[in-house]
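Residue strings, one per chain:
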Amino acid sequence: MVMMMKSALVVTTFALNVGLLLLSKHSEANLHNNYARRERYRAVDNLNEAFGSTELSETTKKKLMAGESLNREERKEIQSVEHNVYLVKRATGQDEVSNTAAAAALRNYKLRYKKRKGFWSKREVSLSDILFPGVAPESYYLDENVFLTADLVSSRRSPIPYKYYDLPFCPQPVQIDHRNFLTRNRADLNLGSRLQGHDPKVAPFMKFHVKNDTGCTPICSVSLSGKTMHWLRRLIELSYRVHLTLDQLPVLMRSKEYNYAVRGYPIGFQAPPSFEALVSGQFYLFNHLKFVITYHEDPSLFEGVRITGFDVHPMSVQHELTADGSTVTEQTQLSTCSREPVENNPGNYLPLRTRGGLPLPVVYSYEVQWVSSELAWADRWDVYLLGAPDDDRHYFSIVNSLMIVLFLTGAISTIVIRTLRQDIAVCDEMESLDDSAEVSGWKLVHGDVFRPTTTAPIVLSVLAGTGCQVGSAFAMTILAAMAKLLNPVKKGHTLTAVIILYVLCGSVAGCVSSRIYKFTDGKAWKLTVIMTAVGLPGVLLSIFMVLNVLLSSASAATAASFLTIFCLFLLWVCVSAPLVLVGAYIGLKQEKIECPVKTNEIARVVPSLPMYAEPRFTGFMGGLLLFGCICIELDMIMSALWLHQIYFVMEFLLASLLILTVACAQVSVVSTYLHLCAENHRWWWLSFWNCASAGIYLFLYALWFLATRLEMVGFLPVIVYLTYMGMISMCFGIYCGAVGFLSSFWFVQTFYTAVNASLRTK
């Protein structure tokens, strides 16, 4: 005891000293500076070491030249040299985003793990094979006119996108070869794409002729009113970006100096205080676009050229209007846009401000430059995935989930192998002695454990069936993506698959809910079937309708049309509901699930529960364990949903789903056993709640993600985000709760069947 007190005193003294040190601003600055200095020294040492070891040994070189197999040390040597070469190239100023051979080599090294395909034997493939399996390259010929598609104007700071032609840009061209446009640019519009607001149209940039550079070409003139300019300034504040597509490639803004590449281009910019050439805080509009198209041609392999890059450099230019005030077209000659490249002159930027209360005339223009490149068509998607999370995070997520599952497996093994066998043996001895011996725990509730819940048995049956339907649809969607039936880049295809598969899995919900309700000896089976068919789809569709009204009032691109809503209604009424009826018919025709023990006529009173068996505690711990299984993978999924990243590792997603399902079953079994040991036979709703509480953790994580990772501004964007995350959290919680309830149902029936069989043999 004295030693413990001394140890506690030492720890307390140390904690006080550390606290005083952290409270001192001067000491904190010194610690930070020392840490930063050590990091700089370590980086310099690593770089010096890299400069000194960028060559392979002669033995390794000879084996590589001869094609011989390498041992482990030689493979490590190659990996070390590759890493050192990468560090040296980056330290000497080589970028990763341009279409040069050196930049492509750096990208290939950085994305080397993402370019491996296969489960057991990994083989290196291109990202085009992973993202677009089976898609053949498109070849274009000299002077052929290619078309750009304009899709959405979106922002990371707001989930409310707008259509391109809803903004005060040039109108859509009407005199085009629509047949050629549809052939070259297949929009693949589907239900999911329309729900996400995608509706690609031909862009107003018409002079895109293969390998023919085009100087400054005016398109049109638009007058901006004060209200329109206020809206544009608001969009610029929220960092809205315009997204164009050429040959399925999204337009990029990239900089070799700063080594960055980002999809889309901003509408304009606000002058920073540090830039003295412009008025601080003034908004400027990007009305001139300089397109740079890189292409690859190899007459020995294919005819024509293949597009390997699509870049844009937006500029703000205050064009001079025509003297006669005529309409500006592509044939109009302007002094500031005379078929020559436009220079970036800060003194000639176009500010978004009124002049004497009159509308602001804006002339939109563009220029095109074609650049030859050695970059292969198969590697053109590499630059788009530079910012994607590394595969190491996925592996860490799986290991983290497996550790939780192994912990729960150990707990269940202890219950099954040690505790249950010991309890059954003691029960057998007491039965052999006399019937008056005192028993406790799960042995006391054997006559009430199969008593159906009196609290909303219809709702519990409906939730169990709906959870199975949600899980089946999600699992089948992942399998379809793994089978390359879905394109991970086109998220509308995935959303369409989720909706269609959910509708087709209606028979699963009907069968499960009807069988559970039949076990409760309920008579309102018609109401159960109707609620199964109407419950979750009706709630989600009602929420979506209210949200759609708000989106329509904001003129958002994601506001669904009447035709889209009518299609959803038809899928629900004409496909999902009949399949639920078919499943319910099958479930009701099957034999009732038998109880291994007889249920008492009078229910046993539940005593006061210990802390570990309190519903609030078990729900808190159960949801926390389940959320811990997916928290790391969830971060990458949320980034793909709300930060416009690409998520394509469906193998990890399937593994996470399987681990989550196993963890739900294990958490439910352990918590149900604790309730039975506490003589609580009302486990039906508790088994559902202990796992469904994970949906609450998911929604709390969504709030944290909103506060720390997103920069949403405004009431409506936050409402849209919270609404969608609330719907996702609801479906997630229903699935976890259904797995938990069905697992506990199986555990209780199996356990008491084994106990009853053991007693019969005595």
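Summarised in this report is the structure supplied together with it. All values derive from a computational prediction rather than experimental measurement. (Residues numbered from 1 in each chain as written. Predicted model: local features only at pLDDT ≥ 70, side-chain atom pairs only at ≥ 80, totals over all residues. Heavy atoms only, no water.)

1. Things to note about the overall build of the protein
What counts here: Each helix is a run of DSSP H or I of at least 4 residues and each strand a run of E of at least 2, with the numbering of both proceeding from the N terminus. Summary of the burial criterion: residues with accessible area below 20% of their type's maximum are buried, those above 50% are exposed, and those between are partly exposed, where the area comes from a 1.4 Å probe applied to protein chains only. Residues are treated as being in contact if the distance between any of their heavy atoms lies within 4.5 Å. Residue burial considers only the protein chains on display, and all accessible areas are found by Shrake-Rupley using a 1.4 Å probe.
What the protein contains, in helices and strands, is 20 helices and 16 strands. Looking at the protein as a whole, 47% of its 762 residues are labelled buried. In the protein, once contacts between residues fewer than 6 apart in sequence are set aside, the share between residues at least 24 apart is 79%. Carbon and sulfur atoms make up 61% of the accessible area of the protein, which totals about 38,900 Å².

2. Quick look at the nonpolar core
The test is simple: Here, nonpolar core means buried Ala, Val, Leu, Ile, Met, Phe, Trp, Tyr and Cys residues that are tied together by side-chain atoms lying within 4.5 Å of each other.
Formed by 155 residues in total, the largest nonpolar core has its most connected members in Phe205, Leu244, Ile267, Phe291 and Tyr721. In terms of residue count, the dominant contributor to this core is helix H20 (residues 715–761) (17 residues). Among residues more than four places away in sequence, those in contact with Leu244 are Leu148, Thr149, Ala150, Tyr164, Phe205, Leu249, Pro250, Val251, Tyr265, Phe291 and Phe310. Grouped together as the second largest cluster of nonpolar side chains are 11 residues, Ile499, Val503, Ala560 and Leu568 included.

3. Brief notes about the pattern of salt bridges
Note the following rule: Salt bridges are identified by distance alone: a Lys or Arg side-chain nitrogen within 4 Å of an Asp or Glu carboxyl oxygen.
This structure, assessed with the given rule, holds 10 salt bridges. Measuring nitrogen to oxygen at the nearest pair gives 3.7 Å for the salt bridge that ties Glu237 to Arg234. Taken together, the positions of Glu237 and Arg234, both in helix H9 (residues 226–237) and 3 residues apart, correspond to about one turn of that helix. By relative accessible area, Arg234 is classed as partly exposed at 34%. Note that Asp311 and Arg254 form a salt bridge whose closest N and O atoms lie 2.8 Å from each other. Of this pair, Asp311 sits in strand S15 (residues 306–315) while Arg254 sits in strand S9 (residues 252–255), and the two are 57 residues apart along the sequence.

4. A word on the packing of helix H11 (residues 457–482) against helix H18 (residues 684–692)
For clarity, the cut-off: Lines fitted to C-alpha atoms define the axes here, with helix axes fitted over just the stretch in contact, and angles between the N-to-C directions of these axes take values from 0 to 180 degrees. Each angle is binned into one of four classes, with values under 35 degrees roughly parallel, values over 145 roughly antiparallel, values of 65 to 115 roughly perpendicular, and all other values oblique. Take the far helix as your reference; a near helix turned counterclockwise from it by less than a right angle gives a left-handed crossing, and one turned clockwise gives a right-handed crossing. In this classification, the charged set is Asp, Glu, Lys and Arg, the nonpolar set is Ala, Val, Leu, Ile, Met, Phe, Trp, Tyr, Cys and Pro, and all remaining amino acids, among them Gly, are polar.
Running from N to C, H11 and H18 cross one another at 40 degrees; their axes reach a closest spacing of 11 Å. Comparing their axes, H18 and H11 come out oblique. The hand of the H11/H18 crossing is left-handed. Of H18, the residues touching H11 (which contributes Val459, Leu460 and Leu463) are Trp684, Trp685 and Phe688. Residues that form the contact of H11 with H18 fall into these classes: 6 nonpolar, no polar and no charged.

5. What about the state of the cysteines?
Put simply, the test is: Two cysteine sulfur atoms make up a disulfide if the distance between them is within 2.5 Å.
For the structure on display, the rule yields 2 disulfides. In this model, Cys170 is linked to Cys220 through a disulfide, with the two sulfur atoms separated by 1.9 Å. Handedness here is read from the sign of the S-S torsion; for Cys170 and Cys220, about -95 degrees, the answer is left-handed. Of the two residues, Cys170 sits in the loop between strand S4 (158–163) and helix H7 (178–184) while Cys220 sits in strand S6 (residues 214–224), which places them 50 residues apart along the sequence. Disulfides within the protein link the bonded cysteines, taken in sequence order, as 1-3, 2-4. Counting only cysteine sulfurs, Cys511 is the nearest neighbor of Cys468, a cysteine outside any disulfide, at a range of 9.4 Å. Left unpaired, Cys736 is separated from the closest cysteine sulfur, that of Cys664, by 3.8 Å.

6. Focus on the layout of surface pockets
Formally: Using a 1 Å grid laid over the protein atoms alone, points where a 1.4 Å probe fits but cannot get out form a cavity; open sets with protein on both sides within 12 Å along at least 5 of 7 lines form a pocket; any residue with an atom within 4 Å of a point counts as lining. Grid points are joined across faces, edges and corners, and a volume is the space filled by probe spheres set on the points.
Taken as a whole, the second largest pocket holds about 1,000 Å³ of empty space. Sorting the residues of the lining of the second largest pocket by element identifies H9, S9, strand S12 (268–270), strand S14 (288–296), S15 and strand S16 (360–372) as the ones contributing at least two each. With 5 residues, S15 is the single largest residue contributor to the lining of the second largest pocket. Broken down by class, the residue content of the lining of the second largest pocket amounts to 22 nonpolar, 13 polar and 5 charged.

Just geometry here; none of it tells us what the structure is for.
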